[in-house]
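Structure at a glance
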Amino acid sequence: MHLYRPEEECGIFGIFNHPEASNLTYLGLYALQHRGQEACGIVSSDGENLHTHKAMGLVADVFGDQNTFSKLPGSAAIGHVRYSTAGSSVIKNTQPIMVEYSRGAIAVAHDGNIVNAQLIRSELEAYGSIFQTSMDTEIIVHLLATARDDSLVERITTALERIEGAYCLLFLTESRMIAVRDPYGFRPLCIGKLGQSYVVASESCALDLIEAELIRELEPGEMIVIDKNGMSSCMPWKKVKPQPCIFEFVYFARPDSFIFGKNVYMVRKQMGRQLAREHGIEADLVIAVPDSGVPAAMGYAEEAGLPFELGLIRNHYVGRTFIEPQQSIRHFGVKIKLNPVREILKGKRVVIIDDSIVRGTTSRKIVKMVRNAGASEVHMRISSPPTSYPCYYGIDTPNRKELISASHSIDEIRKYITADTLGYLSHEGLTEAVGEENSSYCTACFSGDYPIRFQNMGRNPQLDLFEKEYIK
Ligand code: AMP
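Notes on the structure follow. (Residues numbered from 1 in each chain as written. Predicted model: local features only at pLDDT ≥ 70, side-chain atom pairs only at ≥ 80, totals over all residues. Heavy atoms only, no water.)

**Things to note about the sheet that holds strand S5 (residues 97-101)**
One open sheet holds the 6 strands; their spatial order is S5-S6-S7-S8-S12-S13, and the pairing between them is antiparallel. A strand with exactly one partner marks an edge of an open sheet, and here the two such strands are S5 and strand S13 (230-234). The sheet shows a mean angle of 20° between the axes of neighbouring strands, direction not considered. Each of S5, strand S6 (104-114) and strand S7 (165-172) touches helix H5 (residues 137-146); the most contacted strand, S5, lies at about 20° to it. (Pairing = 2+ DSSP bridges. Helix = DSSP H or I, 4+ residues; strand = E, 2+ residues; numbered from the N terminus. Axes fitted to C-alpha atoms, helices over the stretch in contact; angles between N-to-C directions. Contact = heavy atoms within 4.5 Å.)

**Quick word on the packing of aromatic side chains**
The full count for this structure, using the stated rule, is 14 aromatic pairs. Judged by centre distance (6.2 Å) and plane angle (55°), the rings of Phe-247 and Phe-446 are tilted. Taken as a pair, Phe-247 in helix H8 (residues 246-252) and Phe-446 in helix H16 (residues 444-447) lie far apart in primary sequence, 199 residues in all. In terms of burial, Phe-247 and Phe-446 fall into one category: buried. (Phe/Tyr/Trp six-rings, centres within 6.5 Å; stacked < 30°, edge-to-face > 60°. Buried < 20%, exposed > 50% of the residue type's maximum accessible area, 1.4 Å probe, protein only.)

**Quick notes on the nonpolar core**
Within the largest apolar cluster, 44 residues are counted, with the highest numbers of intra-cluster contacts made by Phe-249, Met-271 and Tyr-393. Tallying contributions element by element places H8 first for this core, with 6 residues. Counting only domains with at least three residues in this core, you end up with domain 1 (10-243) and domain 2 (263-316 + 332-436). Sequence-distant contacts of Phe-249, defined by excluding residues within four places in its chain, comprise Ile-259, Phe-260, Lys-262, Val-264, Val-267, Arg-268, Met-271, Val-434 and Tyr-441. Of all hydrophobic cores here, the second largest spans 28 residues; its members include Phe-131, Ala-159, Leu-160 and Val-225. (Core = buried A, V, L, I, M, F, W, Y, C linked by side-chain atoms within 4.5 Å. Domains from an automatic or database assignment.)

**Considerations on the sheet that holds strand S3 (residues 50-56)**
Strands sit in the order S3-S2-S4-S1-S10-S9-S11 across an open sheet of 7 strands; the sheet is antiparallel. Both edges of this open sheet fall to S3 and strand S11 (213-217), since each of them pairs with a single strand only. With strand direction ignored, the average angle separating the axes of adjacent strands in the sheet is 15°. Sheet strands touched by helix H1 (residues 21-31): strand S1 (10-16), strand S2 (39-45), strand S4 (76-82) and strand S9 (190-194). Its angle to S4, the strand with the most contacts, is close to 25°.

**Here we look at the side chain of Ser-356**
Checked against the element boundaries, Ser-356 lands in the loop between strand S19 (349-354) and helix H12 (361-372). Among the polar contacts made by the side chain of Ser-356, one reaches the side chain of Asp-355 at a distance of 2.7 Å. Other than its neighbours up to four places away in sequence, Ser-356 contacts Phe-247, Ile-382, Ser-384 and Thr-387. (Polar contact = N/O pair within 3.5 Å; in protein donor to acceptor, adjacent residues only side chain to side chain.)

**Description of the pairing of strand S10 (residues 197-201)**
Here S10 lies mainly inside the structure; 5 of its 5 residues are buried. In S10, alternate side chains face the same way, and those of Ser-197, Val-199 and Ala-201 on one face and Tyr-198 and Val-200 on the other are all buried. Bridging between S1 and S10 involves 4 bridges; their strand directions are antiparallel. Within S10, the position partnered with Gly-14 by the bridge is Val-200. When S9 meets S10, the two strands line up antiparallel, connected through 5 bridges.

**Overview of the pairing of S7**
Judged by how many residues are buried, S7 sits mostly within the fold: 8 of 8 residues are covered. Across 8 bridges, S6 lies against S7 in antiparallel orientation. If you follow Val-108 over to S7, its bridge partner there is Phe-171. Taken together, S7 and the strand that follows it, strand S8 (residues 177-181), pair antiparallel across an intervening segment of 4 residues.

**Some thoughts on the packing of helix H9 (residues 264-278) against helix H10 (residues 294-304)**
For the pair H9 and H10, the least separation of the axes is 6 Å and the interaxial angle reads 45°. As judged from the angle between their axes, H9 and H10 are oblique. When you trace H9 past H10, the crossing you get is right-handed. When H9 is examined against H10, the residues Tyr-265, Arg-268, Lys-269, Gly-272, Arg-273, Leu-275, Ala-276 and Arg-277 are found in contact with a partner set consisting of Pro-295, Ala-296, Met-298, Gly-299, Tyr-300, Glu-302, Glu-303 and Ala-304. Split by residue class, the contact of H9 with H10 holds 8 nonpolar, 2 polar and 6 charged. (Parallel < 35°, antiparallel > 145°, perpendicular 65-115°, else oblique. Left-handed = near helix turned anticlockwise from the far one by under 90°. Nonpolar A, V, L, I, M, F, W, Y, C, P; charged D, E, K, R; others polar.)

**Overview of H9**
One full turn of an α-helix is made of 3.6 residues, so residues set three or four places apart face in the same direction. Taking 1.5 Å of rise per residue, the 15 residues of H9 would be expected to cover 21 Å, and the 21 Å separating its terminal C-alpha atoms lies within 8% of that figure. Within the span of H9, buried status applies to Val-264, Val-267, Arg-268, Lys-269, Met-271, Gly-272, Arg-273, Gln-274, Leu-275 and Ala-276. In this structure Asn-263 caps H9, since a side-chain oxygen of it lies 3.2 Å from the backbone nitrogen of Tyr-265. (Expected span 1.5 Å × (residues − 1).)

**Comments concerning helix H6 (residues 152-161)**
Of the positions making up H6, those classed as buried are Leu-152, Arg-155, Ile-156, Thr-157, Ala-159 and Leu-160. Against S5, S6, H5, S7, S8 and strand S12 (223-227) lie the buried residues of H6.

Spelled out as structure tokens, the structure:
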């Protein structure tokens, strides 16, 4: 039986009708780097052929050489950044996937995770399909190739009728770019314009970088087709109640992005305000675990009337290739990434804000670090509820047994991380901060209410966040 590598934490970007398509896709991917640091790739179309370049590594490394772009000619391109968990990451599992089949060439880039991948793959293999990769995205390509419909749009419609899970997809053929957001709308996807060009991106921050104007987000269940005649849209799949991922707001998306109808920074700040209302405490100052905890910490400080300080400074240059030099200083872990400002913390009652506790490793190390820097009290505040359930829709979380809050009470977690007090934002507080007016969000990681049932997929453990290979 195959072990699947779910397409986790990815970013996609595409542009149609621009003379520098691959160059701008490179920039777009650069802005989406936070959604995936393991590998990246671009496929371009010159109107007759598709061209591809992909490799393991960060965008700047993979596309650092200007000559690369001469190998990616044409006025349309799609790109992908990939984060997947540790283990047998291999080049063949990079995206976009490009194939030639009876109807021509097609490339696809995917953000999300298909939950019935194993089932469909077994079926396809029973009928003789041969798979090149262990990515669930390849299943879409096989379903496309075997669909009997005449037009590509119909074939995509038929193929995706079989697919369950989270998927934002970008397809590129010689003459068209097609964008799809799944009916639940788990992951964000937006469309913009740059002059006469159309741009599609996981997050609006990628549009900003190339100075494209945001037109709107794709609706859940929407397919947009862009070709030389312009853009057309359809909603060919059965309607379901949309459930965008609330964790995009909590941690994953960039604060400057506009997703699910809101600016991420403002939502995070609101979470912090709400957290202060729920878990106020007598203290001298508020600090954040940078960078993800910063907006919530500012909201908390504002609401609590406490000063916000940069008590922890982050080294932004900790890359994936960092190699710990010597056995003697091996376990410096979090210290390589964060350093306390002693003058700020000494003798102070400190509130520390982070966005989430997954296994508890980070909080434990940070509480210790802040105490060692002289803080007299350390109060940990988390701007989301306890993460008690794994995500099967595209966010990398470890197995349930590794999630500390799945098996420990809040007071047990407090003891483990050695904080004086610990407070999590309530479920109600989170949904209020996010604003439930238009949609109800997928909160499966906090509530265990999974919108789509899933198979028990082979999962890889999450990287140890402060071991060698992690950047946030
Ligand atoms: P842990 O040390 O396992 O408790 O991880 C908690 C830290 O990881 C927090 O600082 C979060 O900002 C961060 N975090 C939360 N979710 C993820 C994720 N899916 N991938 C990487 N980092 C995460």
